[in-house]
Amino acid sequence: MKIDQAYSGNVFICSSEDYENSKAVIYGMPMDYTVSFRPGSRFGPAHIRQASVGLEEYSPYLDRSIVDLKYFDAGDLLLPFGNASRSLDIIREYVEGLLTDGKIPVGLGGEHLVTWPVLEAMYKKYPDLAIIHIDAHADLREHYEGEPLSHSTPIRKAAELMGGKNIYQFGIRSGSREEFAYARENINFYPFEVAAPMKEALPSMGSRPVYVTIDIDVLDPSAAPGTGTAEAGGITSKELLEAVHAIARSSVNVVGFDVVEVAPIYDPTQQTPIVASKLIREMLLGFVK
């Protein structure tokens, strides 16, 4: 007898088994080879799925239920452990396939470097793309100790590809002096806070296609201790949800999104994947029209 996967914890709650007719596709990117402090985010996608079983299907914020939304959970990509370059190629090729099929990519990380090949694919499809980057860290280094493939470099790579003024950064509270100087000159830069500046910035994006990437460490460690590079002085989960809902209610066209850097081994309470799974629910309901 076939087992119903919708509430199994093996897939994100209420995922459809119908890829063809699903508007969005969830996929995991279990890579943490370039982290600069604590590894473990390759286990993030599985734990986010497991935590989703505790969610209600209904969002009182958006008055929508994920029961009424068709999305497919493709599972985790098979990435060659330790080979960052090949792993990024696999992610890029997979996302290009999703875009060819007309799907909205929904990524579960994994370290933040996994977002870089996704942005390459998205920009190829949408040359007028804007990026909303919510994070504790600027991720604007050219390299980390001589290594350009690092979780501290994806947004700098994106800025060099598509121009920094197409990138909007929120919540940044950590980085080198050089990164902050670069951000102030080249990026739409809103450090420290998220919800209030998000509401201020969204009208300037109009109806552009937007990719949203959220590093869970934008939250204060008291709200999300399960991450590789925790940074004190962060925002609350309530503020992050408020920002997500502001995006959902704006005129921008979200064409893809991800949540990265959940490292469950550092959080025995599982509150970090619990928060991440709720973010994914709200983003699915708010962004997938």
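Above this text sits the structure in question.
Since this is a predicted model, take the numbers as computed values, not measurements.

Tell me what's going on with the overall build of the protein chain, and back it up with residues and numbers.
For the protein chain, the count of helices and strands is eight helices and ten strands. The C-alpha radius of gyration of the protein chain comes to 17 Å, within 12% of the 19 Å expected for a compact globule of 289 residues. Oriented by its inertia axes, the alpha-carbon framework of the protein chain measures out at about 60 × 40 × 40 Å. When each of the 289 residues of the protein chain is scored for burial, the buried share is 59%. For the protein chain, contacts bridging at least 24 residues in sequence account for 77% of all contacts bridging at least 6.

Describe the pattern of salt bridges, listing the residues and the values that go with them.
Within the structure shown, the criterion is met by 13 salt bridges. Note that Lys70 and Asp18 form a salt bridge whose closest N and O atoms lie 3.8 Å from each other. In this pair, Lys70 is assigned in the loop between β3 (64-65) and β4 (71-76) and Asp18 in the segment before β1 (24-29), connecting sequence segments 52 residues apart. In this structure Lys70 comes out as partly exposed when scored by relative accessible area, which is 39%. The partly exposed category is assigned to Asp18, whose relative accessible area is 24%. Among the ionic pairs, Arg42 bridges to Asp32, the shortest N-O distance being 3.0 Å. One end of the pair, Arg42, is in the loop between β1 and α1 (44-52); the other, Asp32, is in the loop between β1 and α1, and ten residues separate them in sequence. Residue Asp32 is classed as buried on the basis of its relative accessible area, which comes to 4%.

Lay out the packing of helix α2 (residues 84-100) against helix α3 (residues 115-125) in plain terms, naming residues and giving numbers.
Closest axis-to-axis distance for the α2/α3 pair is 8 Å, and the angle between their directions is 35°. For the crossing formed where α2 meets α3, the hand is right-handed. Of α3, the residues touching α2 (which contributes Leu88, Ile91, Arg92, Val95, Glu96 and Leu99) are Trp116, Pro117, Val118, Glu120, Ala121, Met122, Lys124 and Lys125. When its residues are assigned to classes, the contact of α2 with α3 shows nine nonpolar, no polar and five charged.

Explain the pairing of strand β7 (residues 167-170) residue by residue, including any values.
Residues of β7 alternate between two faces, with Ile167 and Gln169 on one and Tyr168 and Phe170 on the opposite face, all of them buried. Bridge count between strand β6 (residues 130-134) and β7: four bridges; the pairing is parallel. Counted as the bridge partner of Ile132 is Tyr168 from β7. Taken together, the three bridges between β7 and strand β8 (residues 188-190) define a ladder with parallel strand orientation. By the bridge assignment for β8, Gln169 is matched with Phe189. In this fold, β7 hands off to helix α5 (residues 177-186), which returns the chain to β8; that crossover is right-handed.

Please set out the pairing of β6 residue by residue, giving values where relevant.
The buried count for β6 comes to five of five residues, which makes it a mostly enclosed element. Every second residue of β6 is oriented toward a common face, with Ala130, Ile132 and Ile134 on one face and Ile131 and His133 on the other, all of them buried. Sheet topology note: the β6/strand β9 (residues 209-215) ladder contains five bridges and is parallel. Directly across from His133, in β9, lies its bridge partner Thr213.

So, α5: which residues are in play, and what are the values?
Side chains that are three or four residues apart share a direction in an α-helix, a result of its 3.6 residues per turn. The complete set of buried residues in α5 reads Glu179, Phe180, Tyr182 and Ala183. The arc that holds the buried residues of α5, viewed along the axis, is 160°, so those residues lie on one side. Facing away from the buried side of α5, by more than 90 degrees, are the exposed residues Arg177, Glu178, Arg184 and Glu185. The inward-facing, buried residues of α5 abut α4 (154-162), β7 and β8.

Break down the packing of helix α7 (residues 237-249) against helix α8 (residues 271-287) for me, citing the residues and quoting the values.
Look at α7 against α8: their axes get within 9 Å of each other, and the N-to-C directions meet at 15°. The angle between α7 and α8 falls in the class roughly parallel. Every pair of crossing elements has a handedness; the one defined by α7 and α8 is right-handed. Across the interface between the two elements, Ser237, Leu240, Leu241, Val244, His245, Ile247 and Ala248 from α7 touch Val275, Lys278, Leu279, Glu282, Met283, Gly286 and Phe287 from α8. Residues belonging to the contact of α7 with α8 are distributed by class as follows: nine nonpolar, three polar and two charged.

What counts and how
Residues numbered from 1 in each chain as written. Predicted model: local features only at pLDDT ≥ 70, side-chain atom pairs only at ≥ 80, totals over all residues. Heavy atoms only, no water. Helix = DSSP H or I, 4+ residues; strand = E, 2+ residues; numbered from the N terminus. Rg over C-alpha atoms; globule rule 2.2 N^0.38 Å. Buried < 20%, exposed > 50% of the residue type's maximum accessible area, 1.4 Å probe, protein only. Contact = heavy atoms within 4.5 Å. Salt bridge = Lys/Arg side-chain N within 4 Å of Asp/Glu carboxyl O. Axes fitted to C-alpha atoms, helices over the stretch in contact; angles between N-to-C directions. Left-handed = near helix turned anticlockwise from the far one by under 90°. Nonpolar A, V, L, I, M, F, W, Y, C, P; charged D, E, K, R; others polar. Pairing = 2+ DSSP bridges. Right-handed = clockwise from strand over helix to strand, strands pointing away. Arc of directions from axis to C-beta. Parallel < 35°, antiparallel > 145°, perpendicular 65-115°, else oblique.

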